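Spelled out from the first residue to the last, the chains are:
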Amino acid sequence: MTSSPRTALTIAGSDSGGGAGIQADLRTFFANGVHGMVALTAVTVQNSLGVQGFSEIPVDVVTGQIKAVATDMGVDAAKTGMLATAEIINAVAKTLDEVHIGRNRSTPFVVDPVAASMTGHALLREEALEAIRTELFPRATLITPNLDEVRLLTGVSVTGPVTQREAAEALLEFGSAWVLVKGGHLDAAQDCVDLLTDGTTWVELSGPRFDTRNTHGGGDTMASAITSSLAKGADVPTAVAEGKRFIERCVAESYPLGAGVGPVSPFWRLAEA
Ligand SMILES: Nc1ncnc2c1ncn2[C@@H]1O[C@H](COP(=O)(O)OP(=O)(O)OP(=O)(O)O)[C@@H](O)[C@H]1O
Ligand SMILES: Cc1ncc(CO)c(N)n1
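Looking at an unreviewed UniProt entry, the protein chain carries the name Bifunctional hydroxymethylpyrimidine kinase/phosphomethylpyrimidine kinase, with the source organism given as Amycolatopsis regifaucium. Under the UniProt heading Pathway (unreviewed entry), the note attached to the protein chain is "Cofactor biosynthesis; thiamine diphosphate biosynthesis; 4-amino-2-methyl-5-diphosphomethylpyrimidine from 5-amino-1-(5-phospho-D-ribosyl)imidazole: step 3/3." Quoted verbatim from the Function (unreviewed entry) field of the UniProt record, the comment on the protein chain reads "Catalyzes the phosphorylation of hydroxymethylpyrimidine phosphate (HMP-P) to HMP-PP, and of HMP to HMP-P."

1. Focus on the sheet that holds strand β6 (residues 142-143)
Pairing is mixed in the open sheet, where 9 strands are placed in the order β3-β2-β1-β4-β5-β6-β7-β8-β9. Since the sheet does not close on itself, it has two edges, and those belong to β3 (50-56) and β9 (202-207), each with one partner. Of the pairings in the sheet, the one linking strand β5 (residues 109-111) to β6 comprises 2 bridges and is parallel in character. Paired with valine 110 across the two strands is leucine 142, which belongs to β6.

2. What to know about the site of ligand 1
Near ligand 1 there are 19 residues, and of these Lys182, His185, Asp194, Phe210 and Gly219 occur at the shortest range. Within the side chain of histidine 185, an N or O atom sits 2.6 Å from an oxygen atom of ligand 1. At 3.3 Å, a backbone N or O of threonine 215 approaches an oxygen atom of ligand 1. Its free accessible area being 630 Å², ligand 1 has 93% of it covered by the protein chains. The leading source of residues in the shell around ligand 1 is helix α7 (residues 218-231), at 4 residues.

Analysis parameters
- Residues numbered from 1 in each chain as written.
- Chains lettered and ligands numbered in written order.
- Predicted model: local features only at pLDDT ≥ 70, side-chain atom pairs only at ≥ 80, totals over all residues.
- Heavy atoms only, no water.
- UniProt positions renumbered as here; feature names shortened; annotations may be inferred.
- Pairing = 2+ DSSP bridges.
- Helix = DSSP H or I, 4+ residues; strand = E, 2+ residues; numbered from the N terminus.
- Near = heavy atom within 4 Å.
- Polar contact = N/O pair within 3.5 Å; in protein donor to acceptor, adjacent residues only side chain to side chain.
- Areas by Shrake-Rupley, 256 points an atom, 1.4 Å probe, with all protein chains shown as cover.

Written as structure tokens, this is what we have:
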């Protein structure tokens, strides 16, 4: 009999194009040797050109999925992606407490505060932003906003290292243990620098910027790679460093698909296995 792998749960939406959302999360968990589980929150109608619409899953079905896997199979780490509405966010927060997932609980919890697709289409109803701040961030081990989400959440426009630090400090006020301010959307001429902090430790994760437009699913892939490492027992700085190395390679090997933005790719992991 073989031993069971560690487990990770994604609470997120489906991308019909397969590049982002739960599809990106599950293949990232797989590529990192972790058994992936899902609480589906919404179904998007989406391709490389953008999101044409979405429909959310009934709240009791979302929370039912979380309880079903947590009480039977066990969750070593969890993450959120698209949550769609304040109603879903509030119910998810309450359910996570019940199954002991979150920063003051036994299970690490990563919040990727997905607000819009990279093509600018809303994936979160407007009133839900406040629920992310007040219900999810205080429960999070780590939050991973991109620069657009940072602006929506804090009002800070990040243009370089000074404002990136300012934004991280503002985000910590919402109560997560750690904050990762991703720099993927910074000046195209510069390296990709992400900033990680818990208010005491400050880590700059710097890497080359690859010249590609095919970065669909990059944020989801990075957050699930971090969640995979946390599920395997890594501490937050180690998990984020591993996530950064993983996403870098996935961006380097991304491919065109459709007439718009193609997906980042974890296929290289298969070749290495
Ligand atoms: N062109 C690139 N080359 C190398 N690394 C990149 C590139 N673009 C983004 N990254 C890295 O990918 C990770 C995700 O960052 P980004 O800020 O793009 O997230 P995001 O906007 O949430 O992603 P998404 O495109 O899924 O919305 C970060 O570590 C960032 O530094
Ligand atoms: C379902 C879904 N989740 C997240 C994102 C953000 O990448 C997306 N485009 N679609």
